Amino acid sequence: MTEVIIKTNDADQRFDRFLRKAYPKLSLSKIQKLIRTGRIKLNGKKVKNDQRLILNDKIQLYVSLEYISANPNTKDFKLSNPNINIVYEDENLLVVNKPRGVVVHIDESKTPRTLINQILHYLYLKHAYDPDAEQSFVPTLLHRIDMNTVGLVMCAKNAATARILMEKIKQHEVDKYYWCKVYGKVQPPHRILKDYWTRSEISKTFTITKNPIKASSALVVTEYQLIKYQNGISTLEIKLVTGKTHQIRAHLNFIGHPLLGEKKYTTSSFKDTYPSQYLIAYKITFNFKSDAGILNYLKGKTIKIDHPEKYLYPLLSY
């Protein structure tokens, strides 16, 4: 029998989900069966899968050690460069400026050189994260941006921060802003776009339409403000109200103003030689309307990249 004591970063989550994170060699269905048959207990008793854990709870596992031994991949982050561009950091939250060409999480290429692994390596070196001391929690990215998009990405350094900010993002109490350059003069100068987003399972792209075309179509809302127009190019500030994959890129193309450097969401008449899209996630505001617990100090705070226009040039090295 193995006994595990619930720590601060493990508390306030479902029993079965904690076990899935802590013991990745066990499938969720296997975990649920072990709970049901009493081979995994909580405080010496059989409980339901969705029982919420609290600090100092004790879990008893009557399971072969081969299933609950350490995950050999937990230290892959050490293969990544820990030198990250930090825009903001406190004891709970880290905000970095992701460079172009870096994926946020492991993708089809299976490269361990991802933004999250760079962050984990950085936190490990400053003794802010120790995988050997954690049972289920790993510092967590709270949102993502495309590989070729530059800009701000938030990372929660503890479980409480992750829970609070994920809920605040869901409730639209965290606002994310972008700068971009697009073809043509965008009119009117300010507009809130409301259309429908649909995923193509074949092409892995996303279509924007005025009306839903599938049961899975989702309403997307993108607000823009024209900053300037010069030589056939508009510079826009974008407020991302909803947060669907490729939303900004697809939405701007839908209204006839694709991004400079856009390869996927554009028509042949706008094909160009720019190596990647002119898009940067440059500002985050914490517009909390309700209690944020340990993060109340962030209420009303803005985190941003100064002079975002200098990052809109893909050939610029920084």
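Residues numbered from 1 in each chain as written. Predicted model: local features only at pLDDT ≥ 70, side-chain atom pairs only at ≥ 80, totals over all residues. Heavy atoms only, no water.

## Thoughts on the overall build of the protein chain
- Looking only at helices and strands, the protein chain has six helices and 14 strands in total.
- Across its three principal directions, the C-alpha atoms of the protein chain cover 70 × 45 × 40 Å.
- For the protein chain, with 318 residues in total, the buried portion stands at 48%.
- Within the protein chain, contacts between residues at least 6 apart in sequence are counted, and of these 65% link residues at least 24 apart.
- For the protein chain, the computed accessible surface area is about 16,300 Å², with 51% contributed by carbon and sulfur atoms. (Helix = DSSP H or I, 4+ residues; strand = E, 2+ residues; numbered from the N terminus. Buried < 20%, exposed > 50% of the residue type's maximum accessible area, 1.4 Å probe, protein only. Contact = heavy atoms within 4.5 Å. Areas by Shrake-Rupley, 256 points an atom, 1.4 Å probe, with all protein chains shown as cover.)

## Topic: the pattern of salt bridges
- A full pass over the atoms with the stated rule returns 11 salt bridges.
- One salt bridge connects R249 with D146, and the closest N-O pair in it is separated by 2.9 Å. Of this pair, R249 sits in helix α6 (residues 247-254) while D146 is found in the loop between β6 (140-141) and β7 (150-156), placing the two residues 103 residues apart along the sequence. Exposure class is identical for R249 and D146. Each is buried. (Salt bridge = Lys/Arg side-chain N within 4 Å of Asp/Glu carboxyl O.)

## A short note on the packing of helix α1 (residues 15-22) against helix α2 (residues 28-36)
- Two numbers describe how α1 lies on α2: the axes approach to 10 Å, and their chain directions differ by 125 degrees. It follows from the interaxial angle that α1 and α2 lie oblique. For the element pair α1 and α2, the recorded crossing hand is right-handed. Seen from α1, the contacting residues are F15, D16, L19 and R20; seen from α2, they are L28, I31, Q32 and I35.
- Among the residues making up the contact of α1 with α2, the classes are represented as five nonpolar, one polar and two charged. (Axes fitted to C-alpha atoms, helices over the stretch in contact; angles between N-to-C directions. Parallel < 35°, antiparallel > 145°, perpendicular 65-115°, else oblique. Left-handed = near helix turned anticlockwise from the far one by under 90°. Nonpolar A, V, L, I, M, F, W, Y, C, P; charged D, E, K, R; others polar.)

Functional significance is not addressed by these values, which are geometric in nature.
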